[in-house]
Every structure is written in C-alpha cells, then in structure tokens.
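This is what each chain is made of:
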Amino acid sequence: MAVQHLFSYACEWIGFRVDRYVFAVETLNWVGWFPWGDDVIWSQDGHYLATVIDGKWLCRDPLTPIRVPPIPPIPPIPPIPPLPPLPGIPPIMRVGTEPIYRLE
C-alpha cells in the first residue's frame, strides 16, 4: 500500500492517496476516490472533487466531463502516513482551472 501525498497550489500537504482512496490530512476522513483509475477524484456521493496534476498537485478543472461514478466500496482505515518530502514548485495551471487549498 503505497501512499501518494497530495498538495495544494500553496504547497500545503492537504491529502493523501492509499490505493483508490483519498483522505484529508487534517481529519484522516475519507473524502473521495478514483473510480476509473485516472487522475480525477470523485466524492462518495458522486460529485467531482479535484484533478491530480503531475502526480501530487490538486486543482479543479471545470472542463472535466460529467460522469456518474459507481457506488464506492468502503475503504479500510488508513494508516497514518509519514510526513511528505517538500513538494517543490507547482506546475503552471491551465487557463480555467482553479487551485484547491483544502479537501472537504
């Protein structure tokens, strides 16, 4: 079970991914998942949450097509991940995308 650290465009660690599931760092609550194995995060109730860019940066893309994800299986309790390394500089965002500063 590899942990993928997820960062805001303010270089803050706001979430992490374990398998197909995304958890918020502040609360360790399950906030979303990757139903299709791509880089798009969906909430448990089927709403678009974010897109992962370059494997660690979160943004909202208004051009993401609307899809109805299947009902997610309940994830196991996540392990507390180790602190992430420094994220570096975020990539340049595509016009029209919005940065994400908190997972809710």
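Let me begin by describing the structure that accompanies this report. (Residues numbered from 1 in each chain as written. Predicted model: local features only at pLDDT ≥ 70, side-chain atom pairs only at ≥ 80, totals over all residues. Heavy atoms only, no water.)

### Considerations on the overall build of the protein chain
A tally of regular secondary structure across the protein chain gives 0 helices and 8 strands. Secondary structure elements of the protein chain, listed N to C terminal, follow the sequence β-β-β-β-β-β-β-β. Radius of gyration (C-alpha) of the protein chain: 13 Å, near the 13 Å computed for a compact globule of 104 residues. Counting only C-alpha atoms, the protein chain reaches 35 × 35 × 20 Å along its principal axes. Looking at the protein chain as a whole, 40% of its 104 residues qualify as buried. (Helix = DSSP H or I, 4+ residues; strand = E, 2+ residues; numbered from the N terminus. Rg over C-alpha atoms; globule rule 2.2 N^0.38 Å. Buried < 20%, exposed > 50% of the residue type's maximum accessible area, 1.4 Å probe, protein only.)

### Observations regarding unusual backbone geometry
Excluding glycine, a negative phi dihedral is what most residues carry, and trans is how most peptide bonds are arranged. Positive phi, close to 65°, is recorded for Cys11, a residue that is not glycine. As for its position among the elements, Cys11 is in the loop between strand 1 (3-7) and strand 2 (13-18). Cys11 gets classed as partly exposed once you look at its relative accessible area, which sits at 35%. One non-glycine residue, Asp54, lies in the positive phi region at around 55°. Here Asp54 lies in the loop between strand 6 (48-53) and strand 7 (57-60). A residue is classified by how much of its surface remains accessible, and Asp54, at 58% relative accessible area, is exposed.

### What about the side chain of Ser8?
Assignment of secondary structure puts Ser8 in the loop between strand 1 and strand 2. Judged by its relative accessible area of 0%, Ser8 falls in the buried class. Leaving out residues up to four positions away in the same chain, Ser8 has contacts with Ile14, Trp57, Ile100 and Tyr101. (Contact = heavy atoms within 4.5 Å.)

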